[in-house]
Amino acid sequence: MVITGYIQDYDGESLLVAAPFSKEKEWVLQKRQITQCEVRLDDGRTISAQQRKAIYATLRDIALFTGYSPEETKQIMKYQFYAETGTQEFSLSDVDMTTANEFLNYLIEFCIRHSIPCSDRLLDRAPDIGRYLYACLVHKKCCISGRKAELHHVDAVGRGRDRKEIIHKGMRVLPLIREYHTEAHNMGRDSFCDKYKVFGIKLDNYLCKIWNIKAE
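As the structure is a prediction and not an experimental result, all values here were calculated from the model. (Residues numbered from 1 in each chain as written. Predicted model: local features only at pLDDT ≥ 70, side-chain atom pairs only at ≥ 80, totals over all residues. Heavy atoms only, no water.)

Student: Before we go on, may I ask you to explain the pairing of strand β2 (residues 15-18) in this structure?
Tutor: The side chains of a regular strand alternate between the sheet's two faces. Judged from the four bridges that link them, strand β1 (residues 6-10) and β2 form a sheet pairing that is antiparallel. Opposite D9, over in β2, you have L16 as the bridge partner. Linking β1 to β2, which pair antiparallel, is a turn of four residues; within it G12 sits at a positive phi near 95°. (Pairing = 2+ DSSP bridges. Helix = DSSP H or I, 4+ residues; strand = E, 2+ residues; numbered from the N terminus.)

Student: Quick question: what am I supposed to make of the side chain of D61 here?
Tutor: Counting through the fold element by element, D61 comes out in helix α2 (residues 49-66). Not counting chain neighbours up to four residues away, the residues in contact with D61 comprise I116, P117, C118, S119 and R125. (Contact = heavy atoms within 4.5 Å.)

Student: So what exactly am I meant to see when it comes to the packing of aromatic side chains here?
Tutor: Describing an aromatic ring pair means giving the distance of the ring centres and the angle of the ring planes. In this structure the tally under the stated criterion is eight aromatic pairs. Their ring planes at 50° and their centres at 4.9 Å tell us that F192 and Y196 sit as a pair that is tilted. Of this pair, F192 and Y196 are both found in helix α8 (residues 189-196), four residues apart, which corresponds to roughly one turn of the helix. Comparing F192 with Y196 shows no difference in burial state: the two are buried. Each residue in the set Y79, F81, Y82, F90, F103 and Y106 is aromatic and connected to the rest through ring pairs, giving one cluster. (Phe/Tyr/Trp six-rings, centres within 6.5 Å; stacked < 30°, edge-to-face > 60°. Buried < 20%, exposed > 50% of the residue type's maximum accessible area, 1.4 Å probe, protein only.)

Student: Please explain the packing of helix α7 (residues 178-187) against α8 as it appears in this structure.
Tutor: A pair of packed helices is captured by two measures, namely the crossing angle of their axes and the spacing between those axes. The N-to-C vectors of α7 and α8 enclose an angle of 125°; their axes lie 6 Å apart at closest approach. Here α8 runs oblique to α7, going by the angle between their axes. In this structure, the crossing between α7 and α8 has a hand that is right-handed. Facing α7, whose interface residues are Y180, E183, A184 and M187, α8 presents R189, S191, F192, K195 and Y196. Residue classes in the contact of α7 with α8 are distributed as five nonpolar, one polar and three charged. (Axes fitted to C-alpha atoms, helices over the stretch in contact; angles between N-to-C directions. Parallel < 35°, antiparallel > 145°, perpendicular 65-115°, else oblique. Left-handed = near helix turned anticlockwise from the far one by under 90°. Nonpolar A, V, L, I, M, F, W, Y, C, P; charged D, E, K, R; others polar.)

Student: Teacher, can you tell me more about the nonpolar core here?
Tutor: Soluble globular proteins: nonpolar side chains tend toward being buried together. I55, Y132, C143, L174, L176, F192 and V198 are the most contacted members of the largest nonpolar core, which has 56 residues in total. Of all the elements, helix α4 (residues 97-113) adds the most residues to this core, at nine residues. In contact with Y132, other than residues within four places in its own chain, are I108, I112, L122, L123, A126, C142, C143 and I144. (Core = buried A, V, L, I, M, F, W, Y, C linked by side-chain atoms within 4.5 Å.)

Student: In this structure, what is going on with a nonpolar patch on the surface? I would like to understand it.
Tutor: On the surface, a nonpolar cluster with roughly 470 Å² of combined accessible area is contributed by I7, Y10, L15, V17 and V39. Among the secondary structure elements, those contributing two or more residues to the nonpolar patch are β1 and β2. Along the chain, V17 falls in strand β2. (Patch = residues over 30% accessible without salt bridge, like charges linked within 9 Å, V, L, I, M, F, W, Y side chains within 5 Å. Areas by Shrake-Rupley, 256 points an atom, 1.4 Å probe, with all protein chains shown as cover. Salt bridge = Lys/Arg side-chain N within 4 Å of Asp/Glu carboxyl O.)

Student: So what exactly am I meant to see when it comes to the state of the cysteines here?
Tutor: Cysteine pairs can be covalently joined through their sulfur atoms, and such a bond is termed a disulfide. For the structure shown, the criterion picks out zero disulfides. No disulfide involves C136; its sulfur sits 5.8 Å from the nearest other cysteine sulfur, which is in C143. Looking at C136, the relative accessible area reads 1%, which means it is buried. Here C142 is not cross-linked by a disulfide; its sulfur's nearest cysteine counterpart is in C143, at 5.3 Å. (Disulfide = S-S within 2.5 Å.)

Next up, the structure:
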């Protein structure tokens, strides 16, 4: 979700930012149990060639899957993005970099949610790897192959411990198919994460509920 705010004060150490937030959106905070946010400062830079290429590649993949033309798909996805995030209308010719990244993240998460096959790995297109990995965990999709995943604990559970009884919240995990799950165990955590440019995501209450594991 993108919310536009304004800097009200700066004391040399921290920013005071005010951002409007309607009661209709409170369910997002409750569902995800969000207590932190990321602040991105708009420095006036416009969309890069790499961002535009990734966006159009993802739109083509969605178009092939849905049967709409690429232009129809672009308009449909942009209007869905406007409606769901509150972002104002923009053109992909000169949109700012921050909005371009948010739109690309939105398209990638749409593909994950609807199991849309893509011409190359979404991991390589994602501007925010952490957000991408979290979305893969939410939809139980392998973060490397895009196929149905099982849960790989980046933080070792330990031999002899009952996975059904231990508290999983706070542990770092990745969603992987069996092939990559086995490779991760054989290679070791650091070597595997370096090879595929991924990292463990900490389980929160929402993810624990999705994977049906104990949070507390």
